[in-house]
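Working through the structure, step by step
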Amino acid sequence: MSSLRNIDELKKGLESAARAAGSRKQFMEAVARQLHDRMLKYNWVGFYMIEKGSNGQPDMLVLGPFVGSMTPHSRIALNQGICGAAASSGKTIVVHDVKSDPRYLACSAETKSEIVVPIFAKGTVVGELDIDSHFRAAFQHEDIALVEYCAALVGRFLEKFGAREYTGKEGTKTAAAISSSSKR
Ligand code: SME
């Protein structure tokens, strides 16, 4: 189990990453990296971001920054998987045993439990933070609080740096550049 001190240090590290990051991509990469490296049971940490459907196509979740093995699920429909359920309901979903949840889309044979927390910007779900563990029931109360804290931090960052759709294609920009481009 992770100590509260470790969690406090992690939160401080994330807050300083939020101050230092020059782009949304850079900040999300830092969040995924720090959660993965500091929390021993967090074996895959990544973001899925909502891509708005055009020409009558439905919205999709698209894989964003992540740390861990490549997943076969780089695009997930909102009516599929734990990820789709969390994004469409706007609620945190914790699955203690992925084998017992028929919604589960397998990413790695080693995954035993999963948490998905929606990310809100300006009151709308814009993406989610997804974490897989090789341990059953890895996500307990303090983990849920931590992951929700991280998702809220990313949501605030996205609001501040422009809540327009995340494409993953942006390079590193200054805060001022992002802020002005988001106003166009
Ligand atoms: N398990 C997820 C799919 C994403 S991978 O875990 C990275 C789901 O059921 O939606």
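Residues numbered from 1 in each chain as written. Predicted model: local features only at pLDDT ≥ 70, side-chain atom pairs only at ≥ 80, totals over all residues. Heavy atoms only, no water.

Attention now goes to the pairing of strand β1 (residues 44–51). When you tally the buried positions in β1, you get seven out of eight residues, the bulk of the element. Direction of pairing for β1 relative to strand β6 (residues 124–133): antiparallel, over a ladder of six bridges. Paired with Y48 across the two strands is E128, which belongs to β6. As paired strands, β1 and strand β2 (residues 60–67) are joined by six bridges and run antiparallel to one another. The partner of G46 across the bridge, within β2, is F66. (Buried < 20%, exposed > 50% of the residue type's maximum accessible area, 1.4 Å probe, protein only. Helix = DSSP H or I, 4+ residues; strand = E, 2+ residues; numbered from the N terminus. Pairing = 2+ DSSP bridges.)

This paragraph deals with the side chain of E114. Here E114 shows up in strand β5 (residues 113–121). The charged side chain of E114 is buried without a salt bridge, its nearest counter-charge being R103 at 9.0 Å. Once residues within four sequence positions are removed from consideration, E114 is found in contact with I82, C83, I93, V94, V95, V98, Y104, D130, I131, D132 and F139. (Lys, Arg positive; Asp, Glu negative; His and termini not counted. Salt bridge = Lys/Arg side-chain N within 4 Å of Asp/Glu carboxyl O. Contact = heavy atoms within 4.5 Å.)

Within β5, eight of the nine residues are buried, which leaves the element mostly enclosed by the surrounding structure. Counted along the chain from β5 to the antiparallel partner β6, the turn is two residues long, and its residue K122 has a positive phi close to 50°.

Geometrically, a pair of aromatic rings is defined through the distance of the ring centres and the angle of the planes. Scanning all chains against the criterion turns up five aromatic pairs. Centroid distance F157 to F161: 4.1 Å. Interplanar angle 10°. Geometry classified as stacked. Of the two residues, F157 and F161, both sit in the buried class. Pairwise contacts between aromatic rings join F27, F157 and F161 into one cluster. The side chain of K11 reaches across the aromatic face of Y149, ending 4.7 Å from its centre. Positioned above the aromatic ring of F135 is the side chain of K41, whose terminal nitrogen or guanidinium carbon lies 5.4 Å from the ring centre. (Phe/Tyr/Trp six-rings, centres within 6.5 Å; stacked < 30°, edge-to-face > 60°. Lys NZ or Arg CZ within 6 Å of the ring centre and 35° of its normal.)

Time to look at the packing of helix α1 (residues 4–20) against helix α4 (residues 141–160). At a closest axis distance of 11 Å, the pairing of α1 and α4 adopts a crossing angle of 10°. In terms of their interaxial angle, α1 and α4 are classed as roughly parallel. Contacts between α1 and α4 involve L4, I7, L10, K11, L14, E15 and A18 from the former and E142, L146, Y149, C150, L153 and F157 from the latter. The residue makeup of the contact of α1 with α4, split by class, is 10 nonpolar, no polar and three charged. (Axes fitted to C-alpha atoms, helices over the stretch in contact; angles between N-to-C directions. Parallel < 35°, antiparallel > 145°, perpendicular 65-115°, else oblique. Nonpolar A, V, L, I, M, F, W, Y, C, P; charged D, E, K, R; others polar.)

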